[in-house]
Each structure stands twice: as C-alpha cells, then as structure tokens.
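Given next are the chains, with one letter for each unit.
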Amino acid sequence: MKYKTSNVLKNFWTNTYLVWDEISREAMYIDAAFPHENLVSEIAKYDLKLKYILNTHGHGDHIGGNTLLKETFNAQIGIHKIDAEMLFNPQKNLSSRWAEDVISPKADFFIEDEVELKLGEKIIKVIHTPGHSAGSVSFLVEELLFSGDTLFAGGIGRTDLPGGNYGELISSIQKKMFILPDDTIVLSGHGPQTTIATEKIENPFVGLAARF
Ligand SMILES: [Zn+2]
Ligand SMILES: [Zn+2]
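Below or above, wherever it landed, is the structure these notes cover. Since the structure is predicted, the reported quantities are computational estimates derived from the model, not experimental observations.

Here's the deal with the environment of Arg25
Alright, step 1. Relative to the helices and strands, Arg25 resides in the loop between strand S2 (16-20) and strand S3 (26-30).
Alright, step 2. For the pair formed by Arg25 and Gly120, sequence separation is 95 residues and the distance between their alpha carbons is 7.5 Å.
Alright, step 3. Setting aside anything within four residues of it in sequence, one finds Arg25 in contact with Trp20, Asp47, Leu48 and Lys49.

This is the structure:
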C-alpha cells in the first residue's frame, strides 16, 4: 500500500493521508482536514480512483475537506456511528469554537469495530478506539496504523472534550494498539510518525516510561 501525508489545515496541522492500492489504483483519504485544491489534484497526479473519504473521528480539524472531495469524486464518506452527527453539526464537531463552521455531508456508511473495507484486494481493518471521542476509530492497513487523535508520537489524545474518556483512551491504546506487531508504523492525526515498539517503551503516558 502506498500513502502520502499532507498538512492542508493551518494552525492545527492535521495529518491528511491519501492511501492507495498500486494495482487497482483505488484510493481513500483519511481525515481530509481542509478543502485544499491539492487534495483534488493529487488524485489525478497519481492516477487514482477515490473510493472512500474516511474519518478517524468527527472533530472539525479532521473533516473539513469532506465536502470538496464528495462533490468532486462522489466517494463514500465513512465514520463511526457515534461520531456521525458531528459531521454536520459545528457545535458538536467543535469548529464553532474557532473561526469557521465546518459542515460535511452526512455519512454514506458507518464503520464499526472489526469491519473490513477494501481498496482493490488490500484490506483496511477498522479498530474502534474510543477515548478521545466516543466514536474514534483507527485504521490498520498492512503494517500501517492510522491512529487519529488516539495515539501520538510521545503523546496521547486529549480527553477533556465532549465524549472524551481517559480510562477508555488508555484501554484503547493498551488493549487494541499495543497488541499489534512491534514494527507497526503509527501514523497519527497530528505530528510525526512512530512505531508501536517505540510507544510501548517511550510513551510517557502509556509506555513503560510511564511506570517509573
Ligand atoms: Zn480530535
Ligand atoms: Zn485533531
């Protein structure tokens, strides 16, 4: 599987991931953060067919590009049911707290724990990882884990926002992420990439380092 990271939303620097299967050229965006024209032009640049517009959760800094991509490519928007209303509610997706209201089209389908989606013959496994929001999910694609705002390099997602739960967040990371192979590459919603092995040891909130 191939992927490319872009940061099209200033101030938040949310990681938007374009992921594609090289054989079928089927592609998905994970967390299209902002309606930037580069998100559209990259589909043509890499000769791709956009199949899915997926969101790890419903916060405004992760869904702002959904409308542009939906209108341009008519790809399917998928999000966990618990976060689905955030898509079109600026109070719930928290964008009303900053300058501009973010409104995405409604979900075309809901993604749930252990559901498998496909790009060509490649499988995208959905893992429900609540804690940052109740409907937060991560996506496992081969050795890549797209962890949203649940796990960061050296950090964890905040749990003080509506739907957040610290105990759930820690449990999601320890029981659903740290069981993955050590060399799994973690691609977070913000900041640099890391690996499961690194976070198991060095993460000051959930790693071995947290115990000393
Ligand atoms: Zn968030
Ligand atoms: Zn975020």
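Quick word on the nonpolar core
Alright, step 1. Grouped together as the largest cluster of nonpolar side chains are 49 residues, with contacts concentrated most on Val19, Ala27, Met28, Tyr29, Ile30, Ile53 and Phe139.
Alright, step 2. Look past the residues within four positions of Ile53 in its chain and what remains in contact with it is Tyr29, Ala32, Asn66, Leu69, Lys70, Ala75, Gln76 and Ile77.

Some thoughts on helix H4 (residues 166-177)
Alright, step 1. Taking 1.5 Å of rise per residue, 12 residues should cover 16 Å, and H4 covers 16 Å from first to last C-alpha, within 8% of that figure.
Alright, step 2. Among all positions of H4, only Leu169, Ser172, Ile173 and Met177 are buried. The buried residues of H4 occupy one face: seen down the axis, they fall within an arc of 90 degrees. Exposed residues lying more than 90 degrees from the buried face of H4 are Gly167 and Lys175.
Alright, step 3. The secondary structure elements touched by the buried residues of H4 are strand S10 (144-148), strand S11 (151-152), strand S12 (155-156) and helix H5 (196-202).

Considering unusual backbone geometry
Alright, step 1. Of note in this structure, Asn11 is not a glycine but carries a positive phi near 75 degrees.
Alright, step 2. Within the element layout of this structure, Asn11 appears in the loop between strand S1 (2-6) and S2.
Alright, step 3. A tally of 8 C-beta atoms within 10 Å means that Asn11 is categorised as exposed.
Alright, step 4. Of note, Asp31 is a non-glycine position whose phi angle comes to about 60 degrees, a positive value.

Here's the deal with the sheet that holds S2
Alright, step 1. Judged by pairing direction, the sheet is mixed, and its 6 strands sit side by side in the order S1-S2-S3-S4-S5-S6 without closing on themselves. Edge strands, defined here as strands with exactly one partner in the open sheet, are S1 and strand S6 (109-110).
Alright, step 2. Pairing between S1 and S2: 5 bridges, direction antiparallel. Note that in S2 the partner of Lys2 across the bridge is Trp20.
Alright, step 3. Packing against the sheet, helix H3 (residues 66-73) makes contact with S3, strand S4 (49-54) and strand S5 (76-79), and its axis sits at approximately 150 degrees to S4.

Considerations on the pairing of S5
Alright, step 1. As paired elements, S4 and S5 share 3 bridges and run parallel to each other. Along S5, the bridge assignment pairs Ile53 with Ile77.
Alright, step 2. Two elements, S5 and S6, share 2 bridges in a ladder whose sense is parallel. Bridged to Ile79 within S6 is Phe110.

Calculation rules
Residues numbered from 1 in each chain as written. Chains lettered and ligands numbered in written order. Predicted model: local features only at pLDDT ≥ 70, side-chain atom pairs only at ≥ 80, totals over all residues. Helix = DSSP H or I, 4+ residues; strand = E, 2+ residues; numbered from the N terminus. Contact = placed C-beta atoms within 7 Å. Core = buried A, V, L, I, M, F, W, Y, C linked by C-beta atoms within 7 Å. Buried ≥ 20, exposed ≤ 12 C-beta atoms within 10 Å, placed from the backbone. Expected span 1.5 Å × (residues − 1). Arc of directions from axis to C-beta. Pairing = 2+ DSSP bridges. Axes fitted to C-alpha atoms, helices over the stretch in contact; angles between N-to-C directions.

So, to be careful, I would describe these as geometric facts and stop short of saying anything about function.
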